[in-house]
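Coordinate analysis (summary)
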Amino acid sequence: MSDQPLILGIETSCDETGVGLVRGTTLLANAVASSVDEHVRFGGVVPEVASRAHLEAMVPTLRRALSEAGVGLADVDAVAVTAGPGLAGALMVGVSAAKALAVALDKPLFGVNHLVGHVAAEQLENGPLTEPVVALLVSGGHTEILLVEDIATSATLLGQTLDDAAGEAFDKVARLIGLKYPGGPNIQRAALEGDPAAIRFPRGLTSRRDLERHRYDFSFSGLKTAVARWVETAEREGRAVPVADVAAGFQEAVADVLTRKAVLACQERGISTMVLAGGVAANARLRDLTRERCAAAGIELRQPRFSLCTDNGAMIAALGAAVVERDLPPSSLDFASDSSLPVTQVLVG
Ligand code: KG4
Ligand code: ZN
């Protein structure tokens, strides 16, 4: 194991400062500092607040990762960093730190794609992937179905949300029913007491006509509006809002449409492995329903543990390790971060 290069991964695309250390597909350290508490009172991530928090957390998080792995900076063989997509200012903090480290250590630097990193994280859980795989990526910033032909070089976007990301929908609906940010865990908790069949909320882009044009795409804005209308009507009529039932019905609608389309993508593309990743993949109902539907369709489901599902540096190190293993040329030291880096670009030049 120790003859594989030691890869340092840095992630700062949103509100988590992540530094990870990986050799091959072996996880050595995964240190994360989250600024989520600083965003609670705004009800969502404030980019300037996130950038500043990355700047403060970068060095302490790096130190924590090194000590967790029991290695020194001199042991690092290559540095990988999220080049995009993500918040522009937040990305710049990580890219600047990674460049400084690469120059100081005189080691190669790899600017990699955050979305593909989420998929690479799975390799730290269950070993090397057998591509091609379909990845269902669901988080606060993205909701996508990817076809990953080769983790180090090639990914294709099959479908994505046309409006809100799934996690964003969780966060917005939580606010509508008086639950705090981040909405995902709070809705999940409330839904435990509710009946998922009590209120049937709409499943976006699932009509026959929509499926023709937007086969693997998602839309959550109609669902969010439906919840808002439901709550307004109840309040206007002086009825108490059954928070648990609304939470359960909403969660069911999201889980239903996500899993249905991801399974469809596997079946129609002849892919037998699905990877479920991203912060919303922590949702217990989504995990259960995906497992159930994959099993029924004969699809192998792979999913990383929760700490590897949410944004972290280890996933970036894992992707860096896959890239290094292929002997791909490093990024040039003057590459810029790209807040809308397309998923097809696994590694920046
Ligand atoms: O991947 P992530 O940490 O950051 C982004 O790249 O966005 O995902 C954060 C999102 C938040 O919107 C949060 O509400 C959601 O993941 N989330 C959940 C759960 N835990 C976190 N959503 C549903 N159920 C959960 N248990
Ligand atoms: Zn992410």
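Values in this document were obtained by computation on a predicted structure and should not be read as measured data.

A few words now on the overall build of the protein chain. In terms of regular secondary structure, the protein chain is built from 12 helices and 10 strands. For 349 residues, the compact-globule formula gives about 20 Å, and the C-alpha radius of gyration of the protein chain, at 20 Å, lands near that figure. Considered along the principal axes of its C-alpha atoms, the protein chain spans approximately 65 × 45 × 30 Å. Taken over 349 residues, the protein chain has a buried fraction of 55%. For the protein chain, the proportion of contacts with a sequence separation of at least 24, taken over those separated by at least 6, is 73%. Carbon together with sulfur atoms contributes 51% to the accessible area of the protein chain, which is approximately 14,300 Å² in total. Put simply, the protein chain has 31 plus and 42 minus side-chain charges, and the middle of one group is 6 Å from the middle of the other.

So, on to the nonpolar core. Among the nonpolar cores identified, the biggest contains 47 residues, and I145, F201, F220, F250 and L258 are the most heavily contacted of them. Elements that contribute at least two residues to this core include exactly β6 (133-138), β7 (143-150), α5 (166-176), α6 (183-191), α8 (221-236), α9 (243-269), β9 (273-277) and α10 (284-297). At 13 residues, α9 tops the list of elements feeding residues into this core. If you look at the next biggest cluster of nonpolar residues, it comprises 37 residues, including A78, A152, A317 and L319.

Here we come to the coordination of the zinc ion (ligand 2). Within the protein, H114 (NE2), H118 (NE2) and D311 (OD) serve as the donor atoms for the zinc ion (ligand 2), at 2.1 to 2.2 Å. Around the zinc ion (ligand 2) sit 4 donor atoms, and with donor-metal-donor angles ranging over 84 to 143 degrees the site reads as irregular. Within one chain, the residues serving as donors to the zinc ion (ligand 2) are arranged as H-x3-H-x192-D. Here H118 and H114 lie together in helix α4 (residues 114-126), a separation of 4 residues that amounts to about one turn.

The subject of this paragraph is the sheet that holds strand β8 (residues 154-160). Ordered in space as β8-β7-β6-β9-β10, the 5 strands form an open sheet in which the pairing is mixed. In this open sheet, the two strands that pair with only one neighbour each are β8 and β10 (300-302). Strand-to-strand, the axes of this sheet are offset by a mean angle of 25 degrees, without reference to chain direction. Inspection of the sheet shows β7 paired to β8 by 6 bridges, in the antiparallel sense.

Under the domain assignment used here, the protein chain contains domain 1 (6-121 + 308-325) and domain 2 (133-303). A straight line from the C-alpha centre of domain 1 to that of domain 2 covers 27 Å. Taken together, the 18 residues of domain 1 in the interface contact 20 residues of domain 2. Area buried by domain 1 at its contact with domain 2 is led by L115, V119 and C309, which between them contribute 38% of it. Taken together, the connections running from domain 1 to domain 2 amount to 0 salt bridges. Summed over the shared surface of domain 1 and domain 2, the number is 2 residue pairs in polar contact (both at pLDDT 80 or more). Elements with a contribution of two residues or more to the side of domain 1 that touches domain 2: α1 (36-39), α4 and α12 (313-325).

If you check the shell around ligand 1, you find 21 residues, and the closest are G140, D171, Q188, G279 and N283. Contact between ligand 1 and G184: an oxygen atom at 3.0 Å from a main-chain N or O atom of the residue. Interatomic distance of 3.0 Å between a side-chain N/O atom of D311 and an oxygen atom of ligand 1. In isolation ligand 1 offers 550 Å² of accessible surface; the protein chains occlude 91% of this area. Contributing elements (two or more residues each) for the shell around ligand 1: α5 and α6.

With that settled, the discussion passes to the packing of α4 against α12. Viewed as axis vectors pointing N to C, α4 and α12 meet at an angle of 85 degrees, and their least axial separation amounts to 7 Å. As far as their axial angle goes, α12 and α4 are roughly perpendicular. Contacts from H114, V116, G117, H118, A120, A121, Q123 and L124 in α4 reach A314, M315, I316, A318, L319 and A322 in α12. Taken together, the residues of the contact of α4 with α12 sort by class into 10 nonpolar, 4 polar and no charged.

Reading the values: the criteria
- Residues numbered from 1 in each chain as written.
- Chains lettered and ligands numbered in written order.
- Predicted model: local features only at pLDDT ≥ 70, side-chain atom pairs only at ≥ 80, totals over all residues.
- Heavy atoms only, no water.
- Helix = DSSP H or I, 4+ residues; strand = E, 2+ residues; numbered from the N terminus.
- Rg over C-alpha atoms; globule rule 2.2 N^0.38 Å.
- Buried < 20%, exposed > 50% of the residue type's maximum accessible area, 1.4 Å probe, protein only.
- Contact = heavy atoms within 4.5 Å.
- Areas by Shrake-Rupley, 256 points an atom, 1.4 Å probe, with all protein chains shown as cover.
- Lys, Arg positive; Asp, Glu negative; His and termini not counted.
- Charge placed at Lys NZ, Arg CZ, Asp CG, Glu CD.
- Core = buried A, V, L, I, M, F, W, Y, C linked by side-chain atoms within 4.5 Å.
- Donors = N, O, S within 2.8 Å, 3.2 Å for Na, K, Ca; no water.
- Tetrahedral: all angles 85-135°; square planar, octahedral: opposite > 155°, others 65-115°.
- Pairing = 2+ DSSP bridges.
- Axes fitted to C-alpha atoms, helices over the stretch in contact; angles between N-to-C directions.
- Domains from an automatic or database assignment.
- Buried area = accessible area lost by both parts, 1.4 Å probe.
- Salt bridge = Lys/Arg side-chain N within 4 Å of Asp/Glu carboxyl O.
- Polar contact = N/O pair within 3.5 Å; in protein donor to acceptor, adjacent residues only side chain to side chain.
- Near = heavy atom within 4 Å.
- Parallel < 35°, antiparallel > 145°, perpendicular 65-115°, else oblique.
- Nonpolar A, V, L, I, M, F, W, Y, C, P; charged D, E, K, R; others polar.

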